[in-house]
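Understanding the architecture of this molecule
The chain contents come next:
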Amino acid sequence: MAKDSYLVGLIGSGIGPSLSPALHEREADRQGLRCLYRLIDIDRLGVPPHAVGDLVRAARDLGFDGLNITHPCKQLVIEHLDALAPQAEALGAVNTVVLRDGRAIGHNTDVTGFAASFARGLPDVPLERVVQLGAGGAGAAVAHAMLTLGAGRITVVDALADRAAGLAASLNRHFGAGRAAAATPDELAPLLGPADGIVHATPTGMAAHPGLPLPAHLLHPDLWVAEVVYRPLRTELLRTARAIGCATVDGGGMAAFQAADAFRLFTGREPDSARMLADIAELAGSVDSPTG
């Protein structure tokens, strides 16, 4: 028998301003469902990221139907789950956990969410040479999405050289040799000159991490820029890129589409992605002091 009420939550650090509760609860209301979405902030609880396993077990014992997982727990949560969907297993990162029949199954809707947003916001842009900033959990997801969308080669740039190298190696195993490479920030200048576009997948641009993720003078009008940060929708990177004529897509679409995919996993109901995109525009656009 189909349920008409759901208890879900978000585990992560500094998640107080998250729009996930509003996105899920609004869509549930429109579908005649009752959804309670709770924030489980490890900072407020005073526990380390490695406590994510205890939090997942507690949520399962308390009758939660599912959880979203965000920074810094997307990779740490994996060892505490019963199974992984193929996408999450390939990525080594989980952002959605379905709790059902005593089991915790990990999924990743960041990949599909970013892919849908990119295809909608930057259709028909060249994808031969892509530079991505950031190799964390979100970075793994968007890199997989870009290669799935047909990017010829993606160079992953991260201040942590081992992390960039690890992601590039994983991408090459999954998509074929030569599809990905790793670099450090001091190599950006020669990389960006001939590049087609930039994908930004670090926290820089959020209220807690203001500023640009790269020197402004490295941007040029022939680049497209895809942003992952969605609070604010207009990050300093997007403002700077648009000012010099770059085609851009903000992080709102990824947030809306990944939430829609998670809603489908939690409830088994088909969400209205267009309505959830409108929700993001309203909610994120109305914030005076946005954060991630």
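Quick caveat, the model's predicted, so the values are computed rather than measured.

Turning next to the sheet that holds strand 1 (residues 5–12). Taking strand neighbours across the sheet as the criterion, the 6 strands line up as 2-1-3-5-6-4 in an open arrangement whose pairing is mixed. Of all the strands in the sheet, the pair left with one neighbour each is strand 2 (34–41) and strand 4 (83–84). In terms of strand pairing, strand 4 meets strand 6 (residues 103–107) through 2 bridges, oriented parallel. Looking across to strand 6, one finds that Leu-84 is bridged to Gly-106. Where helix 1 (residues 20–30) meets the sheet, it contacts strand 2 and strand 3 (66–69), and its direction lies at approximately 170° from that of strand 2.

For the rest of this paragraph, the subject is unusual backbone geometry. At the junction of His-71 and Pro-72, the peptide bond is cis and its omega measures out at 5° in the coordinates. Across the junction of Arg-231 and Pro-232, the peptide omega takes the value 10°, indicating a cis bond. Its location among the elements puts Pro-232 in the loop between strand 11 (224–227) and helix 9 (236–243). Of note in the backbone geometry, Asp-101 takes a positive phi value of approximately 55° without being a glycine. With respect to the helices and strands, Asp-101 occurs in the loop between strand 5 (96–100) and strand 6.

A few words now on the pairing of strand 3. Burial of strand 3 is two-sided: the residues Gly-66 and Asn-68 facing one way and the residues Leu-67 and Ile-69 facing the other way are all buried. For strand 1 and strand 3, the ladder comprises 4 bridges, and the chain directions are parallel. For Val-8, the partnering residue across the bridge sits in strand 3 and is Gly-66.

Take the layout of surface pockets next. The space that makes up the largest pocket amounts to roughly 1,200 Å³. Taken together, 50 residues form the lining of the largest pocket, with Thr-70, His-71, Ala-138, Pro-203 and Met-206 sitting closest to its centre. Sorting the residues of the lining of the largest pocket by element identifies helix 1, strand 3, helix 6 (137–148) and helix 10 (252–267) as the ones contributing at least two each. Looking at the lining of the largest pocket residue by residue, the classes come out as 25 nonpolar, 20 polar and 5 charged. As for the second largest pocket, its lining consists of 13 residues, of which Phe-64, Asp-65, Leu-99, Arg-100 and Asp-101 are closest to the centre.

About the thresholds
Residues numbered from 1 in each chain as written. Predicted model: local features only at pLDDT ≥ 70, side-chain atom pairs only at ≥ 80, totals over all residues. Heavy atoms only, no water. Pairing = 2+ DSSP bridges. Helix = DSSP H or I, 4+ residues; strand = E, 2+ residues; numbered from the N terminus. Contact = heavy atoms within 4.5 Å. Axes fitted to C-alpha atoms, helices over the stretch in contact; angles between N-to-C directions. Buried < 20%, exposed > 50% of the residue type's maximum accessible area, 1.4 Å probe, protein only. 1 Å grid on protein atoms, 1.4 Å probe; cavity = no way out; pocket = protein on both sides within 12 Å on 5 of 7 lines; lining within 4 Å. Points joined across faces, edges and corners; volume = space filled by probe spheres on them. Nonpolar A, V, L, I, M, F, W, Y, C, P; charged D, E, K, R; others polar.

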